[in-house]
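# A structural walkthrough
The residues making up each chain are set out below.
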Amino acid sequence: MQKILIANRGEIALRIIKTCKALGIETVAIYSEADEGMPFVIEADQAFLIGPPPVNQSYLNVEKIIQIALAEKVDAIHPGYGFLSENADFARKIHAAGIIFIGPNPDTIEKMGDKIISRQTMEKAGVPIVPGSHSGVVTVEAALALAETYGYPIMLKASGGGGGIGMVRCETEQALKSAFTSTKSRAKAYFGSDEVFVEKCIEGSRHIEVQIFGDDKGQIVSLFERDCSIQRRHQKVIEESPSPSLSMKTREKMLETAIKAGEAVGYKNAGTVEFIVDADENFYFLEMNTRLQVEHPVTEQITGIDLVEWQIGIAKGKELPLKQSEIKSVGHAMEFRLYAEDPVTFMPSPGTISQLKWGNPDGVRIDYGYVEGSKVTPFYDPMIAKCIITGENREETLQKAAQFFEELEISGIKTNAPLFVEILDDQDFSKGQYTTDFLKNKSLMKKQ
Amino acid sequence: MKEIVANMAGTVLNVLVAKGDEITAGQEVLVLESMKMEIPIESNQGGKVAELKVNIGDFVNEGDSLLVLE
């Protein structure tokens, strides 16, 4: 493999370029008019303008991307996360063009992309799933009947959804009635299918996921868990590994279950099995992400493994470089997603970053997409950088993180950095006692 | 002529009112998507919708007119 096209932007494009450079692989970037001059465009060996800023005219333009890949004679395409990374048709078209898609088989992507089919697949494999409907719910009456069985609150979810989009928590019958039609029409607009289903709402839960890797030979290993419970609007803000709350016994069971989930679909390449964990440590399959995860650096920091390097190796047909017994978790790592947004309302804050000075870099890895002077546009997600802090243990990691965010200087746009300072100062967070309701329940940043 | 303008740049995700509708102050009239987030736009005044200036899928800049009230 000598040349890879990266069908993505921002920090993840830059992250992939970094490994490619280390491996002596040439990189081809694509970029929209809004991303001209961005660090990933400059760092790639070649960069091609693909179109105007809106994603459907640029980063989602399958034909154009494949056209560039063929013209540049690339060996493979890395989709990163988001955009086309979980689009089975994109993967199929790449294969058809004689190019390697760095990811799992298109059929696996398709299967896991459909929430109802993935639930059915996992249930059949003996992986516990959240109690809920076994197929799509067509009428509001059927939804109400199911909700009656499981008890309110319930979650109404789009079968094609993901990434926190297309799901609504319904507290009452009335709420479910009013959410049913709007969720269906939104699902249709967003995901092209109006299929929805009902799940029991697991209260006071944690969101813990397991990184897995599979190869052509059918070997599957786990690279431990990541606790991703600190969220806003069902989207992750902080992730860490090891999970500060999970018992050893449950952790082991969860890692085994994730491997079982991977085996059920003959998983190949990097994937993540997401679980929801209740207060009694019962855990249920939530979804499987068939791509590199945003928070993969947390796993890289504790295992010392370069996940992108593994992805490339496996895409080439190589075997997994390590056996399960050779994969170790050492120390503690925590990732903070620095977003261009108001720290109180979480409203987006696009604009130009007039000043950006990172804090003490000791034990800190920064996967950035923007630099001082960069413009954060409203077209894409608001993530400026991921700040990954590593320590010998959780306590040391928290100390380093607190110092880092105290010293961080960023201006021109609003960011959630002040929120991190408060979270790091919170007693419950320090003790590792938090659920996905943490940011909702705490009145952080709202005291004044 | 009274108009409602976009308070931030984004793509029009949904238009919740139609020409001729009577709307009240505080009512959600439109949903914008910016940076992967849905932002409901509320009317800061009441009145009858005289004209819709945008369609679903349009990109608007901060300050652009979204709809006009009679």
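Reading guide: rules and limits
Residues numbered from 1 in each chain as written. Chains lettered and ligands numbered in written order. Predicted model: local features only at pLDDT ≥ 70, side-chain atom pairs only at ≥ 80, totals over all residues. Heavy atoms only, no water. Helix = DSSP H or I, 4+ residues; strand = E, 2+ residues; numbered from the N terminus. Buried < 20%, exposed > 50% of the residue type's maximum accessible area, 1.4 Å probe, protein only. Phe/Tyr/Trp six-rings, centres within 6.5 Å; stacked < 30°, edge-to-face > 60°. Disulfide = S-S within 2.5 Å. Domains from an automatic or database assignment. Contact = heavy atoms within 4.5 Å. Buried area = accessible area lost by both parts, 1.4 Å probe. Salt bridge = Lys/Arg side-chain N within 4 Å of Asp/Glu carboxyl O. Polar contact = N/O pair within 3.5 Å; in protein donor to acceptor, adjacent residues only side chain to side chain. Expected span 1.5 Å × (residues − 1). UniProt positions renumbered as here; feature names shortened; annotations may be inferred.

### Here's the deal with the side chain of Thr-299 of chain A
Within the element layout of this structure, Thr-299 of chain A appears in helix α10 (residues 296-303). A relative accessible area of 0% places Thr-299 of chain A in the buried class.

### Looking at the packing of aromatic side chains
Residues and elements named next belong to chain A. One pass over the structure, following the stated rule, counts 16 aromatic pairs over all chains. Ring geometry for Tyr-59 versus Tyr-380: centroids 5.5 Å apart, planes at 80°, classification edge-to-face. With Tyr-59 in the loop between β3 (46-51) and α3 (62-71) and Tyr-380 in the loop between β18 (375-376) and β19 (383-391), the pair connects residues that are 321 residues apart, well separated along the chain. Classification of Tyr-380 as buried rests on a relative accessible area of 3%. When the centroid spacing of 5.1 Å and the interplanar angle of 75° are considered together, the rings of Phe-275 and Phe-283 count as edge-to-face. Each member of the pair, Phe-275 as well as Phe-283, carries the same accessibility label: buried.

### Examining the state of the cysteines
Residue and element names in this part refer to chain A. The full count for this structure, using the stated rule, is 0 disulfides over all chains. As a non-bridged cysteine, Cys-228 has Cys-387 as the owner of its nearest cysteine sulfur, 16 Å distant. Given a relative accessible area of 0%, Cys-228 falls into the buried group. Taking relative accessible area as the criterion, Cys-387 reaches 0% and is therefore assigned buried.

### Observations concerning the domain arrangement of chain A
Residue and element names in this part refer to chain A. According to the domain assignment, chain A contains domain 1 (3-102), domain 2 (131-200) and domain 3 (206-441). Here the C-alpha centroids of domain 1 and domain 3 sit 23 Å apart. Domain 1 puts 31 residues into the contact, and the matching count from domain 3 is 29 residues. For the domain 1 and domain 3 pair, buried surface summed over both sides reaches about 2200 Å², with 64% attributable to carbon and sulfur atoms. The three residues of domain 1 that bury the most area against domain 3 are Glu-11, Arg-15 and Tyr-81, which together make up 26% of that side's buried surface. In this structure, the connection of domain 1 to domain 3 is made through 4 salt bridges. For Glu-11, the salt bridge identified is with Lys-386, shortest N-O distance 3.0 Å.

### Side note on the environment of Phe-275 of chain A
Residues and elements named next belong to chain A. Along the chain, Phe-275 falls in strand β12 (residues 269-277). Of the residues examined, Phe-275 reaches a relative accessible area of 0% and is grouped as buried. Separated by 94 residues in sequence, Phe-275 and Thr-181 have C-alpha atoms that sit 28 Å apart.

### Regarding the side chain of Thr-27 of chain A
Mapped onto the elements of the fold, Thr-27 of chain A is located in strand β2 (residues 26-32). If we ignore the near neighbours within four places in the chain, the residues touching Thr-27 of chain A are Ile-4, Ile-6, Ile-17, Cys-20, Ala-44, Asp-45 and Gln-46 of chain A.

### Quick look at the interface of chain A and chain B
Between chain A and chain B, the residue contacts involve 17 residues of the former and 11 residues of the latter. Carbon and sulfur atoms supply 71% of the area that chain A and chain B bury against each other, a total of about 1200 Å² over both sides. Counting the surface chain A buries against chain B, the share from its top three residues, Tyr-190, Pro-348 and Pro-378 of chain A, is 40%. Of the charged contacts, one joins Arg-186 of chain A and Glu-38 of chain B as a salt bridge, the two residues approaching to 3.1 Å between their closest N and O atoms. The interface formed by chain A and chain B includes 2 residue pairs in polar contact (both at pLDDT 80 or more).

### Details of helix α1 (residues 10-23) of chain A
Residue and element names in this part refer to chain A. Spanning 14 residues, α1 covers 21 Å between terminal C-alpha atoms, matching the ideal 20 Å at 1.5 Å per step. In terms of burial, α1 is largely enclosed, as 10 of its 14 residues are buried. What α1 keeps buried is the set Gly-10, Glu-11, Ile-12, Ala-13, Leu-14, Arg-15, Ile-16, Ile-17, Thr-19 and Cys-20. Immediately downstream of α1, the backbone of Gly-24 shows phi near 75°, a positive value.

### Observations concerning the UniProt feature "domain: Lipoyl-binding" (unreviewed entry) in chain B
UniProt's entry tags residues 1-70 of chain B with the feature "domain: Lipoyl-binding" (unreviewed entry), counted in the numbering of this structure. Along residues 1-70 of chain B the backbone is 0% helical and 54% strand, and the end-to-end C-alpha distance reaches 6 Å.

### Overview of helix α11 (residues 307-315) of chain A
Residues and elements named next belong to chain A. A large share of α11 lies buried, amounting to 8 of its 9 residues. Within the sequence span of α11, burial applies to Leu-307, Val-308, Trp-310, Gln-311, Ile-312, Gly-313, Ile-314 and Ala-315. At the C-terminal side of α11, Gly-317 shows a positive phi close to 100°.

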